[in-house]
Amino acid sequence: MLNAEQIAQFHQDGYVVVPDFKTATEIAALRERAGAIVDAFDPAESVSIFTTKEQERKIDHYFLNSANNISCFFEEEAFDSEGQLRQPKALSINKIGHAIHDLDPVFSAFSRGQALATVAQQLGLQQPEIWQSMYIFKQPGIGGEVRWHQDATYFETDPVSVTTFWFALEDATLENGCLWAEPGGHRSPMRERFVREGDQVRVEKLSDLPWPDDSTAVPLEVKAGSLVCFHGLLPHYSAPNRSPVSRHAYTLHVTDGKTQYSAGNWIQRGPEFPVRGFV
């Protein structure tokens with residue numbers, strides 16, 4: 001699925017963009033199913049808000065239990081000062097996560113197949129294992145910022161193997177909060193480690209290396225249907241969405257089963273719910 005130039009770009013820059021990887025029909029099916037999940041979600045179950053700021057303080061049991069469930073999270077700006085939704089529920093959800101790829105047949109079909117297995121192999125994953133999935137809405141007007149981070153922070157393996165498969169379900173632009181990345185930044189060290197011990201989490205600082213800025217980062221504006229693959233150490237970020245247009249995306253975090261998966265990672269699987277690959 002990848003040509004030699006694309007593989008070389010992944011190794012050089014830490015990411016590669018593959019246009020037209022998913023069809024409009026596949027995207028429509030996923031978006032329809034995501035909408036149905038949100039429709040069925042009762043906000044009374046939880047008002048858990050997703051944020052990448054002050055994570056040790058903001059993590060709750062609903063979030064931790066989402067590791068192996070299908071859960072909905074609200075945007076930070078979804079509620080007014082009295083705790084009421086500012087707009088309809090469907091325009092207030094930040095994301096659905098985190099085991100939707102295993103627990104929902106529509107999402108499982110989108111997340112698997114020989115094409116993805118081939119790409120994973122071409123990127124060096126000998127035994128791909130999908131640990132996490134997220135349907136991200138990036139809602140118009142209130143879509144939250146995702147601060148600079150590296151995905152290896154949350155999926156530590158020895159050696160580092162986590163690779164992100166990010167699918168654009170709508171055009172991602174500067175206006176609606178596209179990804180930003182630092183080309184070649186995957187050669188920098190891991191800056192933070194997100195560690196879970198029971199129901200407690202902490203963020204360990206590993207490096208004082210500063211995060212990128214506009215002088216070194218580049219925007220990844222991509223069309224709907226594109227697949228963006230990036231290395232687990234690649235620093236990346238997305239700005240708030242203040243535009244009137246949403247930026248739906250779907251992402252998978254995949255490690256190599258040939259590496260050692262850390263017992264401190266926040267998502268763990270037992271024999272009753274084994275981690276699976278692309279086929």
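Everything numeric here is computed off the predicted structure, so don't read it as measured data. (Residues numbered from 1 in each chain as written. Predicted model: local features only at pLDDT ≥ 70, side-chain atom pairs only at ≥ 80, totals over all residues. Heavy atoms only, no water.)

1. Topic: the sheet that holds strand S14 (residues 249–256)
The seven strands are arranged S1-S12-S7-S14-S4-S3-S2 in an open sheet whose pairing can be described as antiparallel. Both edges of this open sheet fall to strand S1 (15–18) and strand S2 (70–74), since each of them pairs with a single strand only. Each strand axis lies, on average, 20° off the axis of its neighbour in the sheet, ignoring direction. In terms of strand pairing, S2 meets strand S3 (residues 93–98) through five bridges, oriented antiparallel. Counterpart to Phe73 in the pairing with S3 is Lys95. Lying over the sheet, helix H1 (residues 4–13) contacts S1, strand S7 (163–168) and strand S12 (227–231), oriented at roughly 145° with respect to S1. Taken strand by strand, helix H7 (residues 114–122) contacts strand S4 (128–136), S7 and S12, and its axis lies near 140° from that of S7. (Pairing = 2+ DSSP bridges. Helix = DSSP H or I, 4+ residues; strand = E, 2+ residues; numbered from the N terminus. Axes fitted to C-alpha atoms, helices over the stretch in contact; angles between N-to-C directions. Contact = heavy atoms within 4.5 Å.)

2. A short note on the layout of surface pockets
Roughly 180 Å³ of volume is contained in the largest pocket. Forming the walls of the largest pocket are 14 residues, and the residues nearest its centre are Leu123, Val160, Ser161, Thr163 and His231. Classifying every residue of the lining of the largest pocket gives six nonpolar, seven polar and one charged. (1 Å grid on protein atoms, 1.4 Å probe; cavity = no way out; pocket = protein on both sides within 12 Å on 5 of 7 lines; lining within 4 Å. Points joined across faces, edges and corners; volume = space filled by probe spheres on them. Nonpolar A, V, L, I, M, F, W, Y, C, P; charged D, E, K, R; others polar.)

3. Comments concerning the environment of Asp213
Position of Asp213 among the secondary structure elements: in the loop between strand S10 (200–205) and strand S11 (218–220). As a C-alpha pair, Asp213 and Glu145 span 68 residues in sequence and 15 Å in three-dimensional space. Separated by 2.4 Å, the side chains of Asp213 and Ser215 make a polar contact. (Polar contact = N/O pair within 3.5 Å; in protein donor to acceptor, adjacent residues only side chain to side chain.)

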